[in-house]
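# Structure assessment
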Amino acid sequence: FNQSSEMDTLEITISENNPYYTVVDEFILTKDGKELIYCFRTAKELTVPDGVETIIARAFASNRSEKVIFNEELLEIGESAFTNCTNLTEIILPDSLQRLGLEAFYNCSSLLSVHIGANLSSSYVPTAYFGVNLRTITLSEKNPYTGKTFVQNKKNGVNVCLLPLRNVVGDYIV
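## Details of the packing of aromatic side chains
- Evaluated as defined, the whole model comprises five aromatic pairs.
- Ring geometry for Y20 and Y21: centres 6.5 Å apart, planes at 55 degrees, overall tilted.
- Its relative accessible area of 36% is what places Y21 among the partly exposed residues.
- On the numbers, 5.9 Å between centres and 85 degrees between planes, the contact of F70 with F82 is edge-to-face. Taken together, the positions of F70 in the loop between β6 (67-69) and β7 (76-77) and F82 in the loop between β7 and β8 (90-92) put the pair 12 residues apart, joining distant regions of the chain.
- An aromatic cluster is defined as three or more aromatic residues linked by ring pairs; in this entry it consists of F27, F60, F70, F82 and F105.

Structure follows, in structure tokens:
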């Protein structure tokens, strides 16, 4: 699926007897509610349901929502999960998040602000924000990284580039 104007009014029903999937609000989830498979509606603001631990690859791809609110149980955002979400302006990654997939926010051209939670530690972080116009990056006070144009691990000194190498605009707050 890709988001289109027809998708905004789409209703999806999954039988209660389906052993694998269920629908909660505008989301298709695994039956146990731990994986978000797909968001089938656009709204100005969307809230990931409580209990979701993983947003799978491309679950929000091309969605036109401006803001997505994550729950504090979220552990992983899959590869390209938000690719081409061109209206998305701000992301606040929860402290619970441990893995951010390759190109998770690829080509989110309106994305200006990202807050990185305390437990994010992924080798894919450098490529998560290609094609964005970030102006502000903030880190949780509990996050072990610090820096200005890159994030440096306080414990071992390893540098991890968080910023896109192109379209860098404005000042960054870290």
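## Some points on the side chain of E26
- On the secondary structure map, E26 appears in the loop between β1 (21-24) and β2 (27-30).
- Among the residues examined, E26 registers a relative accessible area of 17% and is labelled buried.
- Apart from the residues within four sequence positions on either side, E26 is in contact with Y38, C39, F40, R41 and L46.

## Some remarks on the environment of E79
- Its location among the elements puts E79 in the loop between β7 and β8.
- Accessibility expressed as a relative area gives 35% for E79, which makes it partly exposed.
- Taking the C-alpha atoms as reference points, E79 and Y106, separated by 27 residues in sequence, lie 9.3 Å from one another.

## Thoughts on the sheet that holds strand β9 (residues 99-100)
- Here six strands make up an open sheet; going across it, the order is β1-β2-β3-β5-β7-β9 and the pairing mixed. Among the strands making up the open sheet, the edge pair consists of β1 and β9.
- As defined by bridge partners, β1 adjoins β2 across four bridges and the pair is classed as antiparallel. Across the sheet, residue V24 finds its bridge partner in β2, namely F27.

## A short note on unusual backbone geometry
- Backbone geometry places D25, a non-glycine residue, at a positive phi of 55 degrees.
- Relative to the helices and strands, D25 resides in the loop between β1 and β2.
- On the basis of relative accessible area, D25 is assigned to the exposed category, the value being 55%.
- You will see that S62, though not glycine, has its phi angle at about 65 degrees, which is positive.
- Tracing the sequence through the fold places S62 in the loop between β5 (54-55) and β6.

## Remarks on the pairing of strand β3 (residues 35-39)
- Strand direction decides the pairing type here: β2 and β3, joined by three bridges, are antiparallel. Paired with I28 across the strands is Y38, a residue of β3.
- Between the end of β2 and the start of β3, which pair antiparallel, lie four residues, with G33 showing a positive phi angle near 75 degrees.
- Strand direction decides the pairing type here: β3 and β5, joined by two bridges, are parallel. Bridging from a neighbouring strand, L36 pairs with I55 of β5.

The rules behind each value
- Along each chain, numbering runs from 1 in the same order as the chain's sequence is written.
- Local features in this predicted model are restricted to residues whose pLDDT is 70 or higher, and side-chain atom pairs enter the listing and the counts only when it is 80 or higher, whereas totals over whole chains, interfaces and linings include all residues.
- Excluded from the side-chain calculations are hydrogens and water; all other atoms, namely the structure's heavy atoms, are used.
- We call Phe, Tyr and Trp rings a pair once their centres come within 6.5 Å, taking the six-membered ring for Trp, and we label the pair stacked below 30 degrees between planes, edge-to-face above 60, and tilted otherwise.
- To sort residues, take the accessible area from a 1.4 Å probe on protein chains only and compare it with the maximum for the residue type: under 20% means buried, over 50% means exposed, and anything in between is partly exposed.
- The numbering of helices and of strands both runs from the N terminus, where a helix is a DSSP run of H or I of at least 4 residues and a strand a run of E of at least 2.
- Note on contacts: a residue pair is in contact if any heavy atoms of the two residues lie within 4.5 Å.
- Strands are labelled as partners when DSSP assigns at least two bridges between them.

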